[in-house]
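Analysis of the macromolecular model
Chain by chain, the residues run as shown.
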Amino acid sequence: MTMEVTLSSATLGEDGRWEPPLGPLYIASTLEGCGVDVEFRDYQLCHDANPFAPDALVEHLSGHRRVLLISCFVDMLPVVIAATRRLVEARPDTLVVLGGPGPTAGATQLMEHFPWITGIVKGEGEATVVEWVHSMKRSGPRRAIAGMVMRDGDDVMDGGNRPRVLAIDDLRPPAYHLVDWEQYTHARVITTRGCPYRCSFCDVAALWGNKAAYRSLEKTIEEMLYLRTKHGRDAIAIVDDTFVLDRARVEDFCHRMIDVASGVEWGCFGRINLMTPKLIELMERAGCRAIFYGIDSGSPAILKRTIKSLKAESILPTVRESAQAFDKTEASFIWGYPFEELDDFKRTLELAGECSLLSPGVNVQMHMLSPLPNSPIYQEFGRELITPEPEDARWLLLPQVLFDERSGEVREMVQSHPQLFPGFFNLPTPAKAKKREFLEKAMEALDRTVGDTLLDPAVSLLVEEHRPEVERALLNAAAEPEDRIGVGLAVGFLRRCRRRNEHRNYPFEGNRGAAIVRERSRGRV
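Anyway, here's the lowdown on the structure attached to this text.

Conventions we followed
- Residues numbered from 1 in each chain as written.
- Predicted model: local features only at pLDDT ≥ 70, side-chain atom pairs only at ≥ 80, totals over all residues.
- Heavy atoms only, no water.
- Helix = DSSP H or I, 4+ residues; strand = E, 2+ residues; numbered from the N terminus.
- Buried < 20%, exposed > 50% of the residue type's maximum accessible area, 1.4 Å probe, protein only.
- Contact = heavy atoms within 4.5 Å.
- Lys, Arg positive; Asp, Glu negative; His and termini not counted.
- Charge placed at Lys NZ, Arg CZ, Asp CG, Glu CD.
- Arc of directions from axis to C-beta.
- 1 Å grid on protein atoms, 1.4 Å probe; cavity = no way out; pocket = protein on both sides within 12 Å on 5 of 7 lines; lining within 4 Å.
- Points joined across faces, edges and corners; volume = space filled by probe spheres on them.
- Nonpolar A, V, L, I, M, F, W, Y, C, P; charged D, E, K, R; others polar.
- Salt bridge = Lys/Arg side-chain N within 4 Å of Asp/Glu carboxyl O.
- Phe/Tyr/Trp six-rings, centres within 6.5 Å; stacked < 30°, edge-to-face > 60°.
- Lys NZ or Arg CZ within 6 Å of the ring centre and 35° of its normal.
- Expected span 1.5 Å × (residues − 1).
- Pairing = 2+ DSSP bridges.
- Right-handed = clockwise from strand over helix to strand, strands pointing away.
- Axes fitted to C-alpha atoms, helices over the stretch in contact; angles between N-to-C directions.
- Parallel < 35°, antiparallel > 145°, perpendicular 65-115°, else oblique.
- Left-handed = near helix turned anticlockwise from the far one by under 90°.

1. Focus on the overall build of the protein
What the protein contains, in helices and strands, is 20 helices and 15 strands. Each principal axis of the C-alpha distribution contributes one length, and for the protein these read about 75 × 55 × 40 Å. The buried share of the protein, reckoned over its 525 residues, is 57%. Taking contacts inside the protein between residues at least 6 apart in sequence as the whole, the part at least 24 apart equals 74%. Here the protein contributes 64 positive and 76 negative side-chain charges, whose respective centroids are spaced 2 Å apart.

This is the structure:
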């Protein structure tokens, strides 16, 4: 008898884009290779639902098959656990297996606390699910499976870690035939898995270890051309943790993309210390239109303490060069470290303000530290978790479930198990109120600048016209770093408004700045 499963991706669309989720589609393809009949569902396409309400996910999964596989990130993990409890209560014979970055780090503890979960796949899942499918077809006692934590009666069996998949080219391609391309705005590909860096706030090592595995450029470009010609997607996100790890390989990739005249526009995750002016120029010629930099701090002391392997003085020149070459450059900063003194924060604020002077091409993000499970910083300070204050809400990286009255069940679960969901909490940080005061001034500058579109004729032109001289005047008038950040966000927001009115295709424009303004207008942040 053919094994039938429902496989759901419980991840959300990112920054106003909807892209088929690669990880679950690789798993779907692997399962089909084992003769499994896969029904695929994608939760990010439930646009009208409150995504962090278990009711919405339960409805999305209604009528599921007996075997239910769900992939998620850390932000959706408590929602998935709450929803699956209801699904198992309604249908007790359901077998629930979780996977993805969300449950990987705390797999054994999650199994011990939530008995309705049948198993959790840790890390890369392709080889693990093949062995699990074969075990489901066998009779007799269950055996532990490498890369998986399983329930056997009242016992929890941890099969330990499974060796990394190093030959990515040998994997079956993603099961794109299972998705409705009409519901997606972009596509995504991977060229590598893993990252050799050991930044102390990052928990990617829990999924990949500290080793990068590379896919052949032939296979990568072949897939990108397929996505363009077969599915009409000429905007593709390269979602490697760090695309630019091997400079010679990136240069080879770019030359190949130029040679085939791909017509594909793409974005990627970069790293300041790996970029050069020559590489940036080549990437732009090859179709790169957007890049994300995790800058994290402007303080040399913090960069050293977090093992960032980055020199503070190299950051601004690289961001400037990127802003000249790419349509969109994301500059992401983190504040709220337990060892971040006020002077460290001011250095970060100063650098973020300098980056904001490059708006609208550069979008500055200011996130409060989220102590992710299995990150070195959580392992060191995990016993000091504190509940965020309401005034922290707009700076949190993960959803505001601890402040949202609609997420009562999820909020209670997170509050009851902080060690399982540490990313929803903060760590004590020196001079927190003062740091927040500076950031509030940035938001005041944002409000003031956007409000001027109603009062100042010159500023109002930015909604309809590209007027770089007006943008420059606004930014130059901002004397303090916090004012520059706020004005920069406003200038970026106005560009997004203008571009939407133009009805032209700006593939990586996104909605981050716009979301800040919308949420403030509703009184939610």
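Now that the structure has been shown, the text picks up again.
2. Quick look at helix α18 (residues 468-476)
Regarding α18, the residues found buried are Val470, Glu471, Leu474 and Leu475. One side of α18 carries all its buried residues, which in axial view fall inside an arc of 130°. Buried residues in α18 make contact with α13 (342-356), α16 (432-455), α17 (457-460) and α19 (481-502).

3. Concerning empty space enclosed by the protein
Considering all chains together, one arrives at two cavities of 30 Å³ or more under this definition. When its volume is computed, the largest cavity comes out at roughly 50 Å³. Met368, Leu369, Ser370, Pro388, Leu396, Leu397, Leu398, Gly423, Phe424, Phe425 and Asn426 together form the lining of the largest cavity. Of the residues that constitute the lining of the largest cavity, the class distribution is eight nonpolar, three polar and no charged. Taken as a whole, the second largest cavity spans an internal volume of roughly 30 Å³.

4. Side note on the pattern of salt bridges
Scanning the model with the defined rule gives 37 salt bridges in all. Of the charged contacts in the structure, one is a salt bridge between Arg66 and Asp93, with a shortest N-O distance of 3.8 Å. You can see Arg66 sitting in the loop between α2 (54-60) and β3 (67-71) and its partner Asp93 sitting in the loop between α3 (77-90) and β4 (95-99), a full 27 residues away along the chain. A relative accessible area of 38% means that Arg66 is categorised as partly exposed. Note on Asp93: relative accessible area 36%, which makes it partly exposed. Residues joined in a network through salt bridges with shared partners are Asp55, Arg85, Arg86 and Glu409.

5. Focus on the packing of aromatic side chains
Under the definition given, this model contains 13 aromatic pairs. Counting every residue linked through ring pairs, the aromatic cluster contains Tyr176, Trp181, Tyr184 and Tyr226. Positioned over the ring face of Phe339 is Arg305, at 4.3 Å from the centre of the ring.

6. Overview of the layout of surface pockets
When its volume is computed, the second largest pocket comes out at roughly 350 Å³. Pro360, Gly361, His466, Glu471 and Arg495 are, among the 17 residues lining the second largest pocket, the residues nearest its centre. Elements supplying a minimum of two residues to the lining of the second largest pocket: α18 and α19. Ranked by residue count, the leading element in the lining of the second largest pocket is α19, at four residues. Tallied by class, residues from the lining of the second largest pocket come to seven nonpolar, three polar and seven charged.

7. Description of α13
The end-to-end C-alpha separation of α13 is 21 Å, in line with the 21 Å expected for 15 residues at 1.5 Å each. All of the buried residues along α13 are Asp344, Phe345, Thr348, Leu349, Leu351, Ala352, Gly353, Cys355 and Ser356.

8. Some words on the pairing of β3
With five of five residues buried, β3 lies mostly within the body of the structure. Side chains Val67, Leu69 and Ser71 project from β3 onto one buried face, and the interleaved Leu68 and Ile70 project onto a second face that is buried too. Relative to β3, strand β1 (residues 4-9) runs parallel, the two being bridged by five bridges. When the sheet's bridge partners are listed, Thr6 is paired in β3 with Leu68. Examined bridge by bridge, β3 and β4 share five bridges and lie parallel to one another. Residue pairing in the sheet places Ser71 in a bridge with Gly99 of β4. The β-α-β motif built from β3, the intervening α3 and the parallel element β4 has right-handed crossover chirality.

9. Details of the packing of helix α10 (residues 277-285) against helix α12 (residues 315-325)
Following both chains from N to C, one finds α10 and α12 inclined at 20°, their axes separated by 10 Å at the closest point. Compared by their axis directions, α10 and α12 come out roughly parallel. The two elements α10 and α12 cross, and the hand of that crossing is right-handed. Across the interface between the two elements, Pro277, Ile280 and Glu284 of α10 pack against Thr318, Glu321, Ser322 and Ala325 of α12. The class makeup of the residues in the contact of α10 with α12 is three nonpolar, two polar and two charged.

10. Digging into the packing of α16 against α19
The geometry of α16 relative to α19 is characterised by a closest axis approach of 7 Å and an angle of 40° between their N-to-C directions. Taken as axis vectors, α16 and α19 run oblique relative to one another. Two packed elements cross with a definite hand, and for α16 against α19 that hand is right-handed. When α16 is examined against α19, the residues Phe438, Lys441, Ala442, Met443, Ala445, Leu446, Arg448, Thr449, Val450 and Thr453 are found in contact with a partner set consisting of Glu482, Asp483, Ile485, Gly486, Val487, Leu489, Ala490, Phe493 and Leu494. Grouping the constituent residues of the contact of α16 with α19 by class yields 12 nonpolar, three polar and four charged.

11. Topic: unusual backbone geometry
Each neighbour pair has its own omega, and for Ser359 with Pro360 the value is 10°, a cis peptide bond. Note that Pro360 resides in the loop between α13 and β15 (362-368). Despite not being glycine, Ser309 shows a phi value in the positive range, around 55°. Counting through the fold element by element, Ser309 comes out in the loop between α11 (300-305) and α12. For Ser309, a relative accessible area of 44% gives the class partly exposed.

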